[in-house]
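Okay, here's what each chain looks like letter by letter:
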Amino acid sequence: DETPCKALLWTDGVPHELPWPELNYRDEEVWYGGMARGISADGSIIYGTSWENSDFGMLYWINNGENTAKPEWVGKDVREVTPVVMKMSDGTEYDYHIVNGMICTANLTNISATGKWIAGSYRTETPADDRISVITTQTAAFYNTETETTVIVNDYGSGSGTHVTDDGIGFIGLGSLGISSGRVYDCNTRTDLGTTQEWVYDNYGIIIPNCYVTSISPDGTVVFGRYLESSAGGHMKFPGWYVAPPVAE
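Just so it is clear, the structure is predicted and the values come from calculations on it, not from any experiment.

Caption draft 1: Structural context of the overall build of the protein. Helix and strand counts for the protein stand at 1 helix and 20 strands. For the protein, with 249 residues in total, the buried portion stands at 45%. Within the protein, counting contacts between residues at least 6 apart in sequence, those at least 24 apart form 45% of the total.

Caption draft 2: Examining the sheet that holds strand 3 (residues 34-39) more closely. Reading across the sheet, the 4 strands line up as 3-4-5-6 and stay open at both edges, with antiparallel pairing between neighbours. Each of the sheet's edge strands pairs with one partner strand only, and the pair in question is strand 3 and strand 6 (72-73). For strand 4 (residues 45-50) and strand 5 (residues 58-62), the ladder comprises 5 bridges, and the chain directions are antiparallel. Bridge pairing links I46 to W61 in strand 5.

Caption draft 3: Quick look at the sheet that holds strand 20 (residues 240-243). Spatially, 16-17-20 is the arrangement adopted by the 3 strands of the open sheet, whose pairing is antiparallel. For this open sheet the edge positions go to strand 16 (212-216) and strand 20, each flanked by a neighbour on one side alone. This sheet shows a mean twist of 30 degrees between the axes of neighbouring strands, independent of strand direction. Here strand 17 (residues 223-226) runs beside strand 20; their pairing, made up of 4 bridges, is antiparallel. Along strand 20, the bridge assignment pairs F224 with Y242. Contacts from helix 1 (residues 196-204) reach strand 16, strand 17 and strand 20, with the element oriented near 30 degrees to strand 20.

Caption draft 4: The pattern of salt bridges, seen in detail. Taken as a whole and judged by the stated rule, the model has 9 salt bridges. Residues E93 and R131 are paired through a salt bridge, measuring 3.5 Å at the closest nitrogen-oxygen approach. Here E93 is found in strand 8 (residues 93-103), whereas its partner R131 is found in the loop between strand 9 (117-127) and strand 10 (134-144), with 38 residues between them in sequence. Between D192 and R183 there is a salt bridge, with its nearest N and O atoms 2.8 Å apart. Shared partners join several salt bridges into a network, and the residues in it are R26, D55, R123 and E125.

How each quantity is defined
- Residues numbered from 1 in each chain as written.
- Predicted model: local features only at pLDDT ≥ 70, side-chain atom pairs only at ≥ 80, totals over all residues.
- Heavy atoms only, no water.
- Helix = DSSP H or I, 4+ residues; strand = E, 2+ residues; numbered from the N terminus.
- Buried < 20%, exposed > 50% of the residue type's maximum accessible area, 1.4 Å probe, protein only.
- Contact = heavy atoms within 4.5 Å.
- Pairing = 2+ DSSP bridges.
- Axes fitted to C-alpha atoms, helices over the stretch in contact; angles between N-to-C directions.
- Salt bridge = Lys/Arg side-chain N within 4 Å of Asp/Glu carboxyl O.

Rendered as structure tokens:
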């Protein structure tokens, strides 16, 4: 197959292939494809990623029961594709497209309960002076599928959107690798709601370690997250935690 990587939606144990854009994340011919990553709790919106080299471009499908419509790029209102001439290490020049747009990797919970909001990262690309490599920056971003507009959060430097609620409360993991802390952000008013610990304590009355949120149950009663744990050998682990109401006696 010319594009062997397929996005699938499983319904009652039966896989259905989801349509794919005619051009890839860089507006070039598709050669590998991509995959679906997550789905809203009500099943109405599916999101996924292209998977050609380091693209990771986010896209989403509206699940109308037939899945005949082509997907849209997440953050399409801020997506910019620019043709450039790059060089190989031996000096050979080739045509390339750099992209400023929303991405994610293997994240499974970047969508709100009804699919109104999708969380991810806004990545910019700039050719290095030698044009052999590309310099990237990455910050948290949240896309509203109803208004088709993107909220880019530059307040905290490098980071990524890890989850978001239907109310537009966005959760951010700070840094790019080895995320150990997070912030909470109101995408509607574009205001900071504090650290993950502060927000959980204010809303649930529970003290938690320095960490970040990965998802919240659709009814808002249970919060899931991870924290960084370093071992003596320098290895990093990311144990999960959750906050939930006490079990009734």
